[in-house]
Structure formats: structure tokens, C-alpha cells
Amino acid sequence: MKRLIHTAVLAAALAFALLLCGCSGAETSHKAPQRAAVESGERQFAQPSDGDFIAIFSTSLGEVRAVLYPDAAPMAVQNFVGLARSGYYDNTVIWRAQYGFAVQGGDAGGTGSGGATIWSNNPYPLEADSSLRHYAGALCAAFAQGGEVTGGNSQFYFVTALPNSVDETMQQQLRDNGYSDEQVSAYAAAGGLPYLDNTDTVFGQVYAGMDVVDQIACVPTVKNEDETDTYRPQEDSTVTIYKVTIDNYPGPSADDTADSAASDSSTQ
């Protein structure tokens, strides 16, 4: 497996992402998309209920909050929560920022080639659940570059697909493959990466701070000598995850988490 997608879909995914951007690999910055509220009965678009498990990402560009789904992806959530509570994600960086596709972090080394699990670094299996899809804003388990396709580790990504990314042709393909009308409508409204369904584990969904996720996806990235994009943020555009806090909805206020992150970073 390479980066956050399986080798079998790598070429299609990259081509799709470039199509979404409407740009060449030489472009260094993008405009954040305008995202309308999605009216859907799909669980990923419902406001969390009191007591739901949440993750609060305090970053150098702002705060992102995601609801977690331990009922659908128990091992992915358990691993993520355990690592977060141990401080594994503190002061790590987003090492991949691909506009119209995804932003990825969770490697303590910051290169994308590392990772860990709470089970003595042993991998855990794919947990694909038909109630969770790769809609924009989905929080998904990822793999280290070169990792085995049979399990996950500490890395994660947020889907940043654009609102118009699932066109009518793709919508019909989803219907032909057994997706419900509500799921097809959700993909049409929110955008997403349906070709990663049943390939990677979705274990959460952003419910606050998607504008921050989109800002991360828009940072300038490093180019190779041939002007192809590495999708790694430039050094002066590094995005730092100061802390990932696990709580129950509604959790602490944004001011409280900002103060906590500032205090933690000042002690480093």
C-alpha cells in the first residue's frame, strides 16, 4: 500500500484528484471551496448526540472536531483514542495536503512512512461498514507508505473532496453497485471519494471546523525537480497538530481547548 490508498486504485485516485483541482501538478495554492450544509438522513451529517465520543484536533490553523463511531469501527477508534490519550499525536504535522482529495497526518516522524498501534505496533483489520462512506469530511484510518494492506496503524486522513466531485455518471455507478438513494444523494451534495469505500476504514466525521480542514488542503506544497507535486506542505506552510483531545460531546469550549493547546506547546 502507498500513502493512504491501495496500489490498485492509486492511479485512478490521483487522476481523479487532479481532475477535481482543474490544475496541473505545478500549482502551489488553491481557493477553499464553499460548502453548503448537507440535508441528509445519513448518520455522518447528523449533529452528534450528548455523550457521543469526539476527537478535538487543535492545529496551527484552527480547531477541527469530529464525532467517532466505535460501534462501526471499534478497533480503529480504540487505536486512535488510545494513541491520542497517550500524547502520540501531540506536535505532529500534516505531511500530505492534497486539494480536492485528502489531508493526512498521524505519523510521529512526520514523513508518512511511520506509524504505531496500541497493540505493540501490530496492525488491525479493515473495518468497512456500509453505514459509513467517504463523504467530504470523513475521518479515515490510513496506512504508512509501504504498509501492509491487511491492517492499519496510527495514520489518519480527512476527505477534502469538492462538493461537485461525484457527478451524475458516478452517481449512477453507485446506484448500480447497490448504494441507497440517500447515500447517492449525500455523495452528490457533499462530494467524496466513493472508490475508497470498502477499501479504507471510515471511523469518524467532521462536524465542526471543516473550513480549517479545507485551509490545510490549500497550503502550498513541495514540488519535485520535474514539477510534479509531492503534496507535502512547504516548510514555511507546515501545519502542526498541537494536540488531539478525546472527550464526549459537546466537550470543552473552543476557548478551553485553545488555551490547553497553547499551554502544551509552550512547554515543549
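Residues numbered from 1 in each chain as written. Predicted model: local features only at pLDDT ≥ 70, side-chain atom pairs only at ≥ 80, totals over all residues. Heavy atoms only, no water.

Caption draft 1: Expanded view of the overall build of the chain. Across its full length, the chain carries six helices and 11 strands. Expressed as a percentage of contacts within the chain between residues at least 6 apart in sequence, the contacts between residues at least 24 apart total 76%. Summing over all exposed atoms, the chain offers an accessible surface of approximately 11500 Å²; the carbon and sulfur share of this is 48%. (Helix = DSSP H or I, 4+ residues; strand = E, 2+ residues; numbered from the N terminus. Contact = heavy atoms within 4.5 Å. Areas by Shrake-Rupley, 256 points an atom, 1.4 Å probe, with all protein chains shown as cover.)

Caption draft 2: Spotlight on the sheet that holds strand 5 (residues 102–105). Read from one edge of the open sheet, nine strands run 3-11-1-2-8-6-7-5-4, paired in antiparallel fashion. What marks the edges here is a single partner per strand, and that holds for strand 3 (92–93) and strand 4 (96–98). By the bridge criterion, six bridges tie strand 1 (residues 53–59) to strand 2 (residues 62–68) in an arrangement that is antiparallel. By the bridge assignment for strand 2, Phe-57 is matched with Val-64. Of the strands in this sheet, strand 1, strand 2, strand 7 (156–159), strand 8 (202–208) and strand 11 (240–248) touch helix 2 (residues 74–86), which is tilted by about 115 degrees from strand 11. (Pairing = 2+ DSSP bridges. Axes fitted to C-alpha atoms, helices over the stretch in contact; angles between N-to-C directions.)

Caption draft 3: View of the packing of helix 3 (residues 168–176) against helix 4 (residues 181–190). Relative orientation of the contacting elements helix 3 and helix 4 amounts to 155 degrees, with a least axis distance of 10 Å. Taken together, the axis directions place helix 3 and helix 4 in an arrangement best described as roughly antiparallel. Helix 3 and helix 4 meet at a crossing whose hand is right-handed. Residues Gln-171, Leu-174 and Arg-175 of helix 3 pack against Asp-181, Val-184, Tyr-187 and Ala-188 of helix 4. (Parallel < 35°, antiparallel > 145°, perpendicular 65-115°, else oblique. Left-handed = near helix turned anticlockwise from the far one by under 90°.)

Caption draft 4: Main features of the pairing of strand 6 (residues 138–141). Burial along strand 6 is two-sided: Ala-138 and Cys-140 facing one way and Leu-139 and Ala-141 facing the other are all buried. Of the strand pairs in this sheet, strand 6 and strand 8 are connected by three bridges, and their pairing is antiparallel. Counterpart to Ala-138 in the pairing with strand 8 is Gln-205. In this sheet, strand 7 lies alongside strand 6 in antiparallel orientation, the contact comprising three bridges. What sits directly across from Ala-141, in strand 7, is Phe-156. (Buried < 20%, exposed > 50% of the residue type's maximum accessible area, 1.4 Å probe, protein only.)

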